[in-house]
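Residues per chain are reported as follows:
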Amino acid sequence: MSALATPVRQSDAFDELAIDDARQLRNAFGSFATGVAIVTALSAGERIGATVSSFNSVSLAPPLVSFSIARNAKAFQAWESAPTFGVSILSTAQADLSTRFARSLGDKWTGVSLLPASRIDAPLVDGALMWFECEAYGRHDGGDHLILIGRVLAARRNCSANPAPLVFFGGAYRHLAPPRGSEFLTQDAMWLHGW
Ligand SMILES: Cc1cc2nc3c(=O)[nH]c(=O)nc-3n(C[C@H](O)[C@H](O)[C@H](O)COP(=O)(O)O)c2cc1C
C-alpha cells in the first residue's frame, strides 16, 4: 500500500492559521518549545550580544551549531562578519538577562558578570548552564534572518549552576516541571536511543 493510500484519521477540531499574518505565524512557531541562549561576539572591539531561541545543534562531526539573527537587528552587520561567537545557554535564574539582551536600545552590558572565553575573543555570560565557543563556519540566507553556523571549538559546562534551563514557549518564559512518577525515564531511555 503506498503512503498516499494510508487511511488518514479525520482530525480533531483545529484552527487554520493565517500564515501570511506575521502575528499568527509567530504564535504558530512559538508552539515549538526551546531553550534560550545569549550569543555574543566582538566586532571592531565592540561587544555585540543578542538573546536567541533559534540556537540549535546541527552536526556532531564536525561539531556544528546554528542560530538565526534578524536582518533588522541593530548589530546585524557585525553578525555578518563576526569571525567567532560565544553561546551562553541560560538557566531559569537568567530570565532578566534574556530580556535585557533582547532589547535593541540601551546598554545590554552594564553590570552583567562576564567570563573570558578560552578559545575565542568574545565575552561569555556568567552563570549560564553551558557555554560554546565557535568559529564562523557558514552563513546562509534565511529570509528576513541570516542563519549562522558555527564550528564548536570549546564547550564548557557550569558545574555550580542550577541545571534547570530557561524555556521559551508560546511567547513566554517557562520552567521545566520535574517528571512525574509514571513519566520517569530510566537512565537508558533518557537519551532516547542516542539522541
Ligand atoms: C526569548 C527570545 C528569543 C529570541 N530569539 C531571537 C532569535 O532567535 N533571533 C533573533 O534575531 N532575535 C531573537 N530575539 C530578539 C533579539 O534578542 C533582539 O531583537 C535583540 O535585541 C537583537 O539585538 P540588537 O538589535 O541589539 O542587535 C529573541 C528575543 C527573545 C526575548
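Here the structure is a predicted model, which means the values were calculated and not measured.

Caption draft 1: Expanded view of the site of the ligand. Near the ligand, the surroundings consist of 19 residues, among which Thr51, Ser54, Ala70, Ser104 and Lys108 are the closest. Backbone polar atom of Ser53 to a nitrogen atom of the ligand: 2.9 Å apart, as the coordinates give it. Within the side chain of Lys108, a nitrogen or oxygen atom sits 2.8 Å from an oxygen atom of the ligand. Listed by contribution, the elements that provide at least two residues to the shell around the ligand are strand E3 (46-52) and strand E5 (64-70). Here the shell around the ligand is composed, by residue class, of 10 nonpolar, 6 polar and 3 charged.

Caption draft 2: Fine view of the nonpolar core. Membership of the largest hydrophobic core comes to 22 residues, with the highest contact counts inside it found for Val39, Phe67, Ile69, Trp79, Phe85, Val87 and Cys134. Once residues within four sequence positions are removed from consideration, Trp79 is found in contact with Val39, Thr40, Ala41, Ile48, Gly49, Ala50, Phe67, Ile69, Phe85, Arg139 and Leu148. The next biggest cluster of nonpolar side chains, apart from the first, holds 10 residues, and it includes Val36, Leu97, Phe101 and Val112.

Caption draft 3: Highlighting the pattern of salt bridges. Considering all chains together, one arrives at 2 salt bridges under this definition. Arg71 serves as the salt-bridge partner of Asp141, at 2.8 Å between the closest nitrogen and oxygen. Taken together, the positions of Asp141 in strand E9 (residues 130-142) and Arg71 in the loop between E5 and helix H2 (76-81) put the pair 70 residues apart, joining distant regions of the chain. Residue classification places Arg71 among the partly exposed positions, given a relative accessible area of 35%.

Rules used in this analysis
Residues numbered from 1 in each chain as written. Predicted model: local features only at pLDDT ≥ 70, side-chain atom pairs only at ≥ 80, totals over all residues. Heavy atoms only, no water. Near = heavy atom within 4 Å. Polar contact = N/O pair within 3.5 Å; in protein donor to acceptor, adjacent residues only side chain to side chain. Helix = DSSP H or I, 4+ residues; strand = E, 2+ residues; numbered from the N terminus. Nonpolar A, V, L, I, M, F, W, Y, C, P; charged D, E, K, R; others polar. Core = buried A, V, L, I, M, F, W, Y, C linked by side-chain atoms within 4.5 Å. Buried < 20%, exposed > 50% of the residue type's maximum accessible area, 1.4 Å probe, protein only. Contact = heavy atoms within 4.5 Å. Salt bridge = Lys/Arg side-chain N within 4 Å of Asp/Glu carboxyl O.

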